[in-house]
Structure formats: C-alpha cells, structure tokens
Amino acid sequence: AQCTDKRVNKITPVLFSKAATPPEMVKLSVDEIENIIRPCGLGPSKSKGIFGLSEQINTKHNGQVPQNFADLEALPGVGHKTASVVMAQAFGVPAFPVDTHIHRLIYRWGLSNGKNVVQTERDCKRLFPKDKWNLLHLQIIYFGREHCPARGHNFFQCPLCKVIGRKSLVK
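What you see is a predicted model, and the numbers here were worked out from it, not measured in a lab. (Residues numbered from 1 in each chain as written. Predicted model: local features only at pLDDT ≥ 70, side-chain atom pairs only at ≥ 80, totals over all residues. Heavy atoms only, no water.)

Novice: What is the right way to look at the side chain of Asn134 in this model?
Specialist: Considering the arrangement of structural elements, one finds Asn134 in helix α9 (residues 133–147). A relative accessible area of 17% places Asn134 in the buried class. One polar contact links the side chain of Asn134 to the main-chain carbonyl oxygen of Ala88, over a distance of 3.5 Å. Among the polar contacts listed, one links the side chain of Asn134 to the backbone nitrogen of Ala95, at a separation of 2.9 Å. Discounting chain neighbours no more than four positions away, the residues touching Asn134 are Ala88, Gln89, Gly92, Val93, Pro94 and Ala95. (Helix = DSSP H or I, 4+ residues; strand = E, 2+ residues; numbered from the N terminus. Buried < 20%, exposed > 50% of the residue type's maximum accessible area, 1.4 Å probe, protein only. Polar contact = N/O pair within 3.5 Å; in protein donor to acceptor, adjacent residues only side chain to side chain. Contact = heavy atoms within 4.5 Å.)

See below:
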C-alpha cells in the first residue's frame with residue numbers, strides 16, 4: 001500500500017484480524033477487503049490485488065508466501081520493490097528495496113546518478129556491504145523522514161546534504 005505508516009499501522013491489524021493467512025484472505029470478498037483498506041487509497045485495485053495474490057499463493061504455493069524473487073514478482077500487484085521488502089523483512093535475504101523516496105535521497109546525496117530506481121538499486125548494492133542492505137534501507141527511510149523530507153527540505157539543515165549533498169539542487 002502506498003499510504004503512510006500511521007495508516008498502515010491502523011489498517012493492518014484490522015485486515016489481519018479478519019484474515020491472517022492467504023487461505024483466510026480468499027474467504028473474504030474483494031468488497032470486504034476494499035472496505036478495510038480504503039483509507040490507504042486505491043482501494044478497488046489494491047483489494048483485487050490482495051485477493052488475487054492470495055488466490056495464487058493458495059493454488060500455486062500451497063498457501064505459503066514464496067521465498068524467491070521470481071515467484072513473488074509473478075504475483076498480482078507485486079513488483080520488484082515489494083518483492084525486495086518481503087525477501088528482506090520476512091525472510092532475511094539481503095535486498096536493497098528502492099522506491100521513489102530512497103531514489104530521491106540517494107540522488108540528492110550524490111550517491112547515484114541513476115535516472116530510475118533500477119540504476120539506483122544497482123549503485124546502492126555496489127556502494128554498501130551486502131550484510132548491511134536490509135537495515136540500511138530502513139535507516140535511509142527513517143533518516144529521510146526526519147532530516148531530508150521531499151517537501152520543505154532545507155539543504156543546509158540536513159546533516160548529510162550540507163556535507164555531501166548535490167549543490168545543484170539547492171533552491
């Protein structure tokens with residue numbers, strides 16, 4: 001879901017109290033799922049995705065979330081970034097999930113010239129030790145929220161930007 005953590009933290013327990021596993025999830029209707037996740041936005045498409053991926057997990061993976069990128073990315077609504085998060089957080093596999101936020105920060109700090117998240121992920125994996133990827137991904141997110149936000153960013157107040165940030169981005 002593309003909503004804030006605060007909303008996800010409120011929605012996730014509600015959804016999982018009704019259906020904590022893929023076999024339980026398909027017992028709910030798409031409309032029931034949509035009613036629960038609506039505050040995140042894009043409820044109609046996300047609810048169909050949740051239902052569809054739950055069906056596929058049940059039929060193709062015996063009710064178990066797959067533990068590899070190819071099978072995860074084959075699920076409805078699951079792209080590379082989401083698969084990377086699942087592999088890193090659920091299964092402890094080194095991954096460096098890069099979304100638009102991580103991409104913006106890494107570019108702002110001059111650590112990548114990547115024009116897209118694919119290049120930024122490649123650069124991050126080259127720059128940082130593999131055993132640090134899972135934690136570092138989260139640290140970058142939290143640091144960005146606290147010190148280097150997308151909106152209202154002050155280049156000279158950010159501890160990283162004022163030292164290594166791209167001066168060309170100063171407004």
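Novice: Is there a simple way to think about the nonpolar core in this case?
Specialist: A general trend in soluble globular proteins is that nonpolar side chains are found buried together. Counting 15 residues, the largest nonpolar core has Phe96, Ile102, Ile106, Trp109, Ile140, Cys148 and Cys161 as the members making the most contacts within it. For this core, the secondary-structure elements that each account for two or more residues are α7 (100–108) and α9. With four residues, α9 is the single largest residue contributor to this core. Among all residues touching Cys161, those that are not within four sequence positions of it are Arg108, Trp109, Cys148, His153, Phe155 and Lys167. (Core = buried A, V, L, I, M, F, W, Y, C linked by side-chain atoms within 4.5 Å.)

Novice: Sorry if this is basic, but what is going on with helix α6 (residues 80–91) here?
Specialist: Taking 1.5 Å of rise per residue, the 12 residues of α6 would be expected to cover 16 Å, and the 15 Å separating its terminal C-alpha atoms lies within 8% of that figure. Buried within α6 are the following residues: Ala83, Ser84, Met87 and Ala88. The buried residues of α6 occupy an angular sector of 125° when projected down its axis, which confines them to one face. Tucked into the core, α6 has its buried residues touching α5 (69–73) and α9. The positive-phi residue at the C-terminal boundary of α6 is Gly92, with phi of around 70°. (Expected span 1.5 Å × (residues − 1). Arc of directions from axis to C-beta.)

Novice: Explain the packing of aromatic side chains to me, please; I cannot follow it from the model alone.
Specialist: Remark: the centre distance and the inter-plane angle together describe each pair of aromatic rings, the angle taken between the planes. As enumerated under the stated definition, the model contains three aromatic pairs in all. Aromatic side chains Trp109 and Phe143 sit 5.7 Å apart centroid to centroid with 75° between the ring planes, which places their arrangement in the edge-to-face category. Taken together, the residues Trp109 in the loop between α7 and α8 (117–127) and Phe143 in helix α9 connect sequence positions 34 residues apart. Given the relative accessible area of 4%, Trp109 is considered buried. When the centroid spacing of 5.1 Å and the interplanar angle of 75° are considered together, the rings of Phe155 and Phe156 count as edge-to-face. (Phe/Tyr/Trp six-rings, centres within 6.5 Å; stacked < 30°, edge-to-face > 60°.)

Novice: What is the right way to look at unusual backbone geometry in this model?
Specialist: What you tend to see is this: most non-glycine residues have negative phi, and most peptide bonds are trans. Even without being glycine, Leu42 reaches a positive phi, approximately 55°. Residue position: Leu42 is located in the loop between α3 (30–37) and α4 (43–61). The class of Leu42 is exposed, set by a relative accessible area of 58%. A positive phi angle, close to 55°, is found at Asn62, a residue other than glycine. Mapped onto the elements of the fold, Asn62 is located in the loop between α4 and α5. In this structure Asn62 comes out as exposed when scored by relative accessible area, which is 70%.

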